[in-house]
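Overview (structure and organization)
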Amino acid sequence: MADFDRVAERLSRGVARATSRRSLLAWVGGAITGAAVLPVLPVSRASAQGAHAGGNPAGRPPVTSGNMQDPGDRSQCDYWRYCAIDGFLCTCCGGSVSTCPPGTEMSPITWIGTCTNPADKRAYIISYNDCCGKSSCGQCLCNRNEGDRPPVRPQSNNDTNWCLGTASQVYNCSAAVLLGVAMEPR
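Residues numbered from 1 in each chain as written. Predicted model: local features only at pLDDT ≥ 70, side-chain atom pairs only at ≥ 80, totals over all residues. Heavy atoms only, no water.

Our focus in this paragraph is the overall build of the protein. A tally of regular secondary structure across the protein gives three helices and six strands. Each helix (α) and strand (β) of the protein, taken in turn from the N terminus, gives the series α-α-α-β-β-β-β-β-β. Here the protein holds 186 residues, and the buried ones make up 31% of them. Only carbon and sulfur atoms are counted for the fraction: they give 60% of the accessible area of the protein, which is about 11600 Å². (Helix = DSSP H or I, 4+ residues; strand = E, 2+ residues; numbered from the N terminus. Buried < 20%, exposed > 50% of the residue type's maximum accessible area, 1.4 Å probe, protein only. Areas by Shrake-Rupley, 256 points an atom, 1.4 Å probe, with all protein chains shown as cover.)

Within the fold, methionine 68 resides in the loop between helix 3 (42-53) and strand 1 (86-88). Along the primary structure methionine 68 and alanine 119 are separated by 51 residues, whereas in three dimensions their C-alpha atoms are 7.2 Å apart.

Its place among the elements puts threonine 99 in the loop between strand 1 and strand 2 (105-106). On a C-alpha basis, the gap between threonine 99 and serine 174 in space is 9.0 Å, while along the polypeptide they are 75 residues apart. The residues touching threonine 99, leaving out its near neighbours within four places in the chain, are Cys90, Met106 and Ala175. A polar atom in the side chain of threonine 99 sits 2.6 Å from the side chain of serine 96. (Contact = heavy atoms within 4.5 Å. Polar contact = N/O pair within 3.5 Å; in protein donor to acceptor, adjacent residues only side chain to side chain.)

Here the focus is the pattern of salt bridges. Overall, the coordinates contain four salt bridges when judged by the stated rule. A salt bridge links glutamate 9 to arginine 13; the shortest N-O distance between them is 3.0 Å. With glutamate 9 and arginine 13 both in helix 1 (residues 2-18), this residue pair falls four residues apart, about one helical turn. Residue class for arginine 13 comes out partly exposed when judged on its relative accessible area of 48%. With its nearest N and O atoms 4.0 Å apart, the salt bridge here joins arginine 81 to aspartate 70. Here arginine 81, found in the loop between helix 3 and strand 1, pairs with aspartate 70, found in the loop between helix 3 and strand 1; they are eleven residues apart in sequence, far enough to count as distant. The pair arginine 81 / aspartate 70 is uniform in exposure class, with both members buried. (Salt bridge = Lys/Arg side-chain N within 4 Å of Asp/Glu carboxyl O.)

With the rule as written, the count across this model stands at seven disulfides. Covalent S-S linkage joins cysteine 83 and cysteine 115, the inter-sulfur distance amounting to 1.9 Å. One disulfide, between cysteine 83 and cysteine 115, carries an S-S torsion of -85° and so falls in the left-handed class. With a gap of 32 residues between them, cysteine 83 in the loop between helix 3 and strand 1 and cysteine 115 in strand 3 (residues 111-116) connect regions that are remote in the sequence. Each member of the pair, cysteine 83 as well as cysteine 115, is classed as buried. (Disulfide = S-S within 2.5 Å.)

This paragraph deals with a nonpolar patch on the surface. A surface patch of nonpolar side chains, amounting to about 450 Å² of accessible area, comprises Leu24, Trp27, Val28 and Ile32. Looking at the secondary structure, you find tryptophan 27 in helix 2 (residues 21-37). In this structure tryptophan 27 comes out as exposed when scored by relative accessible area, which is 62%. (Patch = residues over 30% accessible without salt bridge, like charges linked within 9 Å, V, L, I, M, F, W, Y side chains within 5 Å.)

This next bit is on the nonpolar core. Judged by nonpolar contacts, the single largest core of 19 residues is most densely connected at Tyr82, Ile126 and Tyr128. Elements represented by at least two residues in this core include exactly strand 3 and strand 4 (123-132). Take this core: its biggest share by element is three residues, from strand 4. Beyond its immediate chain neighbours, meaning those up to four positions away, tyrosine 128 contacts Arg81, Tyr82, Cys83, Ala84, Ile85, Thr110, Trp111, Ile112, Gly113, Cys115, Ala175 and Ala176. (Core = buried A, V, L, I, M, F, W, Y, C linked by side-chain atoms within 4.5 Å.)

The structure is reproduced here in structure tokens:
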């Protein structure tokens, strides 16, 4: 045990001779700063993006219709009806693909998209409605711009807050209401 004490004493005296209080404080300050930077490293962002892009966000079970003619997980951004959506998905916020969560109101003013159903390869007209009245739910953000038009054609632009026709202009989430089959091109 005496040998261990001697080695520990020599080591600590050597460190004390080679360093000063200022260098120790600088080292401690650097360690604290480094620890504060850890949450913003790319690894953290990559895992969050993986949940958003294709993984199952927050461990939710898939939200499907159960109908073979309506394939896909309605809580994922790659669901076929969301081809022109921009916002938080109502399926993750307490509503459904075509209804608003309780306590919110569906805006009568919408933007329109045409999406192809992979089950039957037909194009369908989708009305994207913002649900308004509560603050953003912050879950399942989805921004797909297929067929998005510049603001010159506002009815086809998904970057506008469409809550203007409701009692409250506070945005909560977006729903994708199926309107019907698109006409075949001639």
